[in-house]
Amino acid sequence: MFHRAFLLLTAALPGTVGAQSADQVRSVQNIFAPVGAPAELIHQTAVLVLLICLGIFLVVGGLLFYAVVRYRRRSSDDDLTEPPQVYGSTAIELAWTVPPILIVVVLALATARTVGEIQNPKFNGDPLQVRIVGHRFWWEVHYPKHNIVTANEIHVPVSYLSAQRPVELTLASADVVHGFWVPELSGKEWVVPDRENKWWIQPTSLGIYLGNCTVICGLQHANMLIRVVVEAPEDFDTWVKQQQRPPNSDASTEEGRKAFGTNSCGSCHTIDGTTSNGIFGPNLTHFMSRQTLGSGVAPNDDANLKSWLRDPQVLKPGCLMPDMKLDPQQLDQIMAYLKTLN
Amino acid sequence: MANGTTIIDPGTELLPARPGQERGTPTGWIQDLVYTVDHKKLGMLYVGTGLFFFVVAGIMALLIRAQLAFPNGRVTSPGEFNALITVHGTVMIFWVAMPMVFGMINYLVPLMIGARDMAFPRLNAFSFWLTFFSGFFLLFSFIAGPGVYGHSGAPDAGWFAIAPLTSPAFSKGPSIDYWSLSVLITGIGSVTGGINIMVTIICLRTKGMTLHRMPLFVWLALVTMFLVVVFIPPLSAAQIMLTLGRYLGAKFFDAEAGGSAILWQHFFWIFGHPEVYILVLPAFGVISEVVPVFSRKPIFGYPMMVAATILIGFISAGVWAHHMFTVGLNSFGVTFFAMATLAISVPTGIKIFNWLATMYGGKIRLELPMIFCIAFLFQFLIAGLTGIMLGVAPFDWQLNDSYFVIAHFHYVIVGGILYGIFAFFYYWYPKAFGRMLDKKLGLWHFWLFTIGFHLTFDPQHFAGFLGMPRRIYTYQPGRGWELWNLISTVGAFFQAAGVIFFVINLLWSAWKGKIAGDDPWDAWTLEWATTSPPADYNFETLPEVRSRRPLWDLKHPEDPDWKFE
Amino acid sequence: MSSQSLSTTEMEWQLPSPRVVGMILVILTETALFTIFVVAYLFYIGKSVSGPYPHEVLHFPWLGSILLFGSSGTIVAAENHLKKGSMGGFHLWWFITFAAGVGFMFWTINEWIHLIYHEGLTISTNLFGSTFYSLVGLHASHVLVGAILLGLILIMSLTGRIQHRHHQHIEMISWYWHFVDCVWAVVITVVYIISANS
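Residues numbered from 1 in each chain as written. Chains lettered and ligands numbered in written order. Predicted model: local features only at pLDDT ≥ 70, side-chain atom pairs only at ≥ 80, totals over all residues. Heavy atoms only, no water.

1. What about the overall build of chain A?
Within chain A, the regular secondary structure consists of eight helices and 13 strands. In terms of its C-alpha atoms, chain A occupies a principal-axis envelope of roughly 100 × 50 × 40 Å. Counting over 342 residues, chain A shows a buried share of 55%. The long-range share in chain A, meaning contacts at least 24 apart out of those at least 6 apart in sequence, stands at 64%. Counting only carbon and sulfur atoms, one obtains 59% of the accessible surface of chain A, whose full area is about 14,900 Å². Positive and negative charge centroids in chain A, built from 26 and 31 side chains respectively, lie 2 Å apart. (Helix = DSSP H or I, 4+ residues; strand = E, 2+ residues; numbered from the N terminus. Buried < 20%, exposed > 50% of the residue type's maximum accessible area, 1.4 Å probe, protein only. Contact = heavy atoms within 4.5 Å. Areas by Shrake-Rupley, 256 points an atom, 1.4 Å probe, with all protein chains shown as cover. Lys, Arg positive; Asp, Glu negative; His and termini not counted. Charge placed at Lys NZ, Arg CZ, Asp CG, Glu CD.)

In structure tokens:
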């Protein structure tokens, strides 16, 4: 009921309700509108806890309110007499210790069960393996079994009851601690440089789910956004094939490709099949297949791409790509080249 | 006995001297404060320091809220924002809340136990000045020199300085060192102060005041200072390791050398969790003194209150990793810390019941100290409940590092602890200054601040539910966060207005407040058995202590406590 | 219940001595500080990515331990002389304690010179270096403070400022010194026994 009231509250905001289409961007992420396990497992426990806390609030808050109203000194009171001086009562104290202990036991059991279900899941079939490496300030995404390397956008097939497609995420960091959170799909988990954390999602609804880095990692922590694209199985397969294709090499953009190389873009970025093999920045082989640039800071359109190439610090001040000081001709050539990288 | 500068005959003083007035000149007044080792003056210096830094960090909060009021805000740059949130949090904890705690305890404890001063008065002064100067050292970082990214040299990695963001590779320049060193120095001040207070309570109680007859405020001070003495060193140790890493290349948190970022978290939170109990227990102490006096009944269940406090102190040592549910602990670790966290809610909740039972059957006087206590009870209840939500680890996996957590801890620290501190002011200001705080100004303070508090922090719970993470300098439109952030910012200005009324009240009442007399509230503990303000030596004579309420026994010889306790 | 209703003039009012409680708390807080460095040391055993490793470079600290543990014995002897009022004996044994403390410092310096210049182990070499120097260094700094305290007491005593009636003050200094010894016992166990054999 809280969940429905909540959805009503937030329904006025765009992007919230009823994302059935794979193109619908769910920019408002509501933890009370979970999509698939493990978010749904958390949601069940959360509702239980909320109801218990609401009950405690009403009872204790009510007692407080009652005490203030009922035992307030009236002006008619004889100020010289004090009320009966009660020091305590062991019986009453025992009585009010037991219910909290019982509540705590219930919550502890619910917690233990849900923790086990989420941290030690038993998947039906082989999960899709996705390896996510957090960088300052973008997400490197690998599909090791499919030989795909991309950035910031994670595509997964939707799960049906009859055909569950769990996705196992391996989280690692290339530099500092980050956090991975897409609220409607799962709780969050840290992305740490000295260990790999395993997490998972199993979304049951089509849509594009937005998430954020949750651990301060520097100047552009706020714009280290995540996009999880949940699509129909056929569409996912299409995407996989597209990502596995070698990049387009169009003769018309030959100058752009050369300019990309001579301006040392390739010392940070990789484009398969070229000499550019840097790993400090995102893999650009299929750059145009992504909806945003700068890990979500702006849509991937001409105006933004031009601005980014002219000076990334304008769209994302403090990001680690410096102003490359391209002259207008180089900029146009590189832009034309990048736009062929589907 | 009478080795102060003047001898004040009890009952004859109509216009109480303001502290430091004896010397007569402004420079004399400053000298008095700089050289003093008197616990009352040091207590007021601590409290005054806390108030000053409260205003400074509060202005930072206003800037933060201004930046977040609208999406794609342009009030601050990303670097300035990160520095503001870091310094706001660090200052509020270490130079506002801690000095307030030490100030309240310093002022009240010797008076409440019938002592002349603290056990080690010169050490007391030393502790204060360490805290005082280290705070300015931290603030100095804002102007100390250009940071590497064009903003100031202030620390910007968050108040708990997550490694390895704080390593030299990712935090160039000395900004993080301003954080480590200032907190290290104030930590030494806190530990020495903690030892001083514990020795005072254990060794300097007046005749007849057994541990079972101490005011609850003193019990809470004792447990608090135990936590200080044991749990501040882990923070100091971690900061020493961090500084060794930053300057001598030590590998403690260096992942490439095999170091662990998680180890920093463990060390920090072993300090960090008991720290919040260090801050809240003295507030509980204030509530435990004010509620009985204004309900006209003794505290309900004194022995259980003491037991609950000690239990809270012990369990607080074992819950720290509830701040780390999302770092990648295994199921056993997560479940253990969740259970310990839920367990600590039992003695804490019980205290609320005891306070309520004290009010039951009483004749509640709705004076300002009590008004703030009632607000405390309501807000601390909510804070505790959101804490239970966070203690249930799976729920925490959604709520952690989001605005829900920010809402929760501000509910505890502002809605709870700060209201306890306000109650402390309204209740004991008459004792320290000999004059009452003005009631009208006080009500303006209360209502403006409370409205502002709720406007600011209630919506942040919802922003957290909708996925807004912490420490982001801005957000894009369409995330569902705009409305909540805007309301939150409006509330901040209401709070500022409330604080302005409060400060005006403090200053105006020192000269124009109604004369208080020894015992304006008809209370029962020893501090009310001397003049307002007390003489340098505190007590000319001490009443006999045969129960928890020595003044009740004096005022009600036909019905003394010691017959029934 | 009945004792509480007695007037307290009939009860003896005896509270612990502030300097005793104070020193206990100092020891408690220092223990908390050392614990974190010990935990870091234990946690990182075997995790250094490169050498030198403990078993390669550590030798059991016989001389340092004899000096330090021995000094705990000599300080007790000094205290006994003070309690008896025998100032000459007090001076002698106190001086020996002080000398042993200073000797321990020199032994430490010697060990570190060997480790740094001959074994190539510094605080920045690897995790072992970082945890070793921080833990052992923290302990050594406490020995240094203790030695300074011992030296000050020695000077004060030789100039006649310390009398039999100060025996409790001296006892508190000796408690600090015993504490430093106990920490050394922990350091030996953790560093020279456990990590050198793993």
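2. Some remarks on the pattern of salt bridges
Scanning the entire structure with this criterion turns up 16 salt bridges over all chains. Put simply, B:Asp38 and B:Lys40 hold a salt bridge, and the shortest N to O gap is 3.1 Å. Among the salt bridges present, the one from B:Arg246 reaches B:Asp177, with a minimum N-O distance of 2.8 Å. With a gap of 69 residues between them, B:Arg246 in helix 6 (residues 216-248) and B:Asp177 in helix 5 (residues 175-203) connect regions that are remote in the sequence. What you see here is one network of salt bridges that share partners, running through A:Glu82, B:Arg296, B:Asp519, B:Asp522 and B:Lys555. (Salt bridge = Lys/Arg side-chain N within 4 Å of Asp/Glu carboxyl O.)

3. Concerning the packing of helix 2 (residues 39-68) of chain B against helix 12 (residues 403-433) of chain B
All names here are of chain B. Close contact between helix 2 and helix 12 brings their axes to 13 Å; oriented N to C, the two are set at 145°. Between helix 2 and helix 12 lies a crossing of left-handed hand. Within the contact between the two elements, helix 2 uses Met44, Val47, Leu51, Phe54, Arg65 and Leu68 and helix 12 uses Tyr403, Leu418, Phe424, Phe425, Ala432 and Phe433. The residue inventory of the contact of helix 2 with helix 12, partitioned by class, reads 11 nonpolar, no polar and one charged. (Axes fitted to C-alpha atoms, helices over the stretch in contact; angles between N-to-C directions. Left-handed = near helix turned anticlockwise from the far one by under 90°. Nonpolar A, V, L, I, M, F, W, Y, C, P; charged D, E, K, R; others polar.)

4. So, the packing of helix 4 (residues 121-140) of chain B against helix 5 of chain B
Residues and elements named next belong to chain B. Direction vectors running N to C along helix 4 and helix 5 enclose 165°, while the axes themselves pass 8 Å from each other. Our classification of the angle between helix 4 and helix 5 gives roughly antiparallel. Note on packing geometry: the crossing formed by helix 4 with helix 5 is left-handed. Within the contact between the two elements, helix 4 uses Leu123, Asn124, Ser127, Leu130, Thr131, Ser134, Phe137, Leu138 and Phe140 and helix 5 uses Tyr178, Trp179, Leu181, Ser182, Ile185, Thr186, Ile188, Gly189, Thr192, Gly193 and Asn196. Of the residues in the contact of helix 4 with helix 5, the class split is 10 nonpolar, 10 polar and no charged. (Parallel < 35°, antiparallel > 145°, perpendicular 65-115°, else oblique.)

5. Here's the deal with helix 5 (residues 87-118) of chain C
Residues and elements named next belong to chain C. With 32 residues, helix 5 extends 46 Å from end C-alpha to end C-alpha; this agrees with the ideal 46 Å at 1.5 Å per step. Residues of helix 5 that are buried: Gly89, Phe90, Trp94, Thr97, Ala100, Gly101, Phe104, Met105, Trp107, Thr108, Glu111 and Leu115. Close packing links the buried residues of helix 5 with helix 3 (54-57), helix 4 (62-84), helix 6 (127-158) and helix 7 (167-194). Gly120 lies just past helix 5 and shows a positive phi near 75°. (Expected span 1.5 Å × (residues − 1).)

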